[in-house]
Amino acid sequence: MEVFLLAEYIGIASAALSGFLFAVKRNCDWLGIFLSAFLTALGGGFMRDAIVSRPPYSFTHYLPCIIVIVVIVIAGVIKLHKKTDLEKKFLFITSDAVDLVSFSIVGSIVALQFGYNIFGVVMLAFCNAIGGGILRDVLLNEVPWFLRTGLYATVSMVIGVLYFVMDFLNLTNIFFVMGLFCFGIVFRLVAYYKSWHLPKIE
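No experiment lies behind these values; they were computed from the predicted model shown.

Draft legend 1. Here's a closer look at the overall build of the protein chain. Within the protein chain one finds 7 helices and 0 strands. Here the C-alpha atoms of the protein chain give a radius of gyration of 16 Å, agreeing with the 17 Å that 2.2 N^0.38 yields for 202 residues. Referenced to the eigenvectors of the C-alpha coordinate spread, the extents of the protein chain come out at roughly 50 × 45 × 30 Å. Here the contacts in the protein chain between residues at least 6 apart in sequence split such that 74% fall between residues at least 24 apart.

Below, the structure written as structure tokens:
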């Protein structure tokens, strides 16, 4: 699973950059920027580990926090926040999709390790993938971003359902997991560029 672990670390870096840009655009100081990046990248993992009652992974392993700090420092030094519409660039959107899908799969894996049913798997996938963004938006008094972009949370929940089915059918080897990973990224990108949304109440 080393390849998948690499994808998760890319997701952490992408989420940290998202939190950095989000805070800078709202005129936060360096403490606010750090908290925004930290919560966006790792907050979902905190929620996941709190639900399953285990020590936070980011506080028992050094690399996640180191990645966040390195991203903040690099982004600040090269003044990445001055780039125009960085959040709409294909590379950023793709790395954000990697973040969403990898965190959703990790949440599903942890839920199944603790014997959760399909509802628990879907909810833990959701919390792990979306929780950091929710904490950031609460911190900065914003309407949660996942409610305003193409099927973001829906993709996470679909990944949770599919991983549960794969586990039930004993299809959780690296090839099937990477297939699910690629499907999730394509799903998110198509939803974003096609501006797909769930129906609204008229």
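Picking up where we left off.
Draft legend 2. Region of the structure containing the environment of Ala41. By the element assignment, Ala41 lies in helix H2 (residues 30-51). Assessed through its relative accessible area of 5%, Ala41 is described here as buried. Spatially, the C-alpha atoms of Ala41 and Asp99 are 8.8 Å apart, while their sequence positions differ by 58 residues. With residues up to four places along the chain from it excluded, the contact list for Ala41 reads Ile12, Ala15, Ala16, Val68 and Phe103.

Draft legend 3. Focus on empty space enclosed by the protein. Counted by the stated rule, this structure contains 1 cavity of 30 Å³ or more. Taken as a whole, the largest cavity spans an internal volume of roughly 140 Å³. If you go around the largest cavity, you meet 16 residues; those closest to its centre are Glu8, Leu42, Gly45, Arg48 and Ser58. Put simply, the parts of the chain that give the lining of the largest cavity at least two residues each are helix H1 (2-25) and H2. It is H2 that provides the largest number of residues to the lining of the largest cavity, a total of 8 residues.

Draft legend 4. Structural context of the nonpolar core. Ranked by size, the top nonpolar core spans 58 residues in total, and within it Ile12, Leu17, Leu42, Val68, Ile105 and Phe181 carry the most contacts. Elements represented by at least two residues in this core include exactly H1, H2, helix H3 (63-77), helix H4 (90-113), helix H5 (118-139), helix H6 (152-168) and helix H7 (174-193). If you tally residues by element for this core, the top one is H4, at 13 residues.

Draft legend 5. Representation of the side chain of Arg48 in the model. With respect to the element layout, Arg48 can be found in helix H2. A distance of 3.0 Å separates the side chain of Arg48 from the side chain of Asn128, its partner in a polar contact. Excluding its chain neighbours within four sequence positions, the residues that come into contact with Arg48 are Arg54, Tyr57, Val106, Gly107, Val110, Leu124 and Asn128.

Draft legend 6. Quick peek at unusual backbone geometry. At Asn27, a residue that is not glycine, the phi angle is positive and equals roughly 60 degrees. Here Asn27 lies in the loop between H1 and H2. Owing to a relative accessible area of 72%, Asn27 belongs among the exposed residues under this scheme. Phi angles above zero are rare outside glycine, and Asn141 is one such case at about 55 degrees. Mapped onto the elements, Asn141 comes out in the loop between H5 and H6. The exposure class assigned to Asn141 is exposed, which follows from its relative accessible area of 71%.

Draft legend 7. Local environment of H7. Spanning 20 residues, H7 covers 29 Å between terminal C-alpha atoms, matching the ideal 28 Å at 1.5 Å per step. Along H7, the residues that are buried comprise Val177, Met178, Leu180, Phe181, Gly184, Ile185, Phe187, Arg188, Leu189 and Ala191. The backbone nitrogen of Phe175 has a side-chain oxygen 3.0 Å away, supplied by the residue at the start of H7, namely Asn173. Positive phi shows up at Ser195, right after H7, with a value of about 55 degrees.

The rules we used
- Residues numbered from 1 in each chain as written.
- Predicted model: local features only at pLDDT ≥ 70, side-chain atom pairs only at ≥ 80, totals over all residues.
- Heavy atoms only, no water.
- Helix = DSSP H or I, 4+ residues; strand = E, 2+ residues; numbered from the N terminus.
- Rg over C-alpha atoms; globule rule 2.2 N^0.38 Å.
- Contact = heavy atoms within 4.5 Å.
- Buried < 20%, exposed > 50% of the residue type's maximum accessible area, 1.4 Å probe, protein only.
- 1 Å grid on protein atoms, 1.4 Å probe; cavity = no way out; pocket = protein on both sides within 12 Å on 5 of 7 lines; lining within 4 Å.
- Points joined across faces, edges and corners; volume = space filled by probe spheres on them.
- Core = buried A, V, L, I, M, F, W, Y, C linked by side-chain atoms within 4.5 Å.
- Polar contact = N/O pair within 3.5 Å; in protein donor to acceptor, adjacent residues only side chain to side chain.
- Expected span 1.5 Å × (residues − 1).

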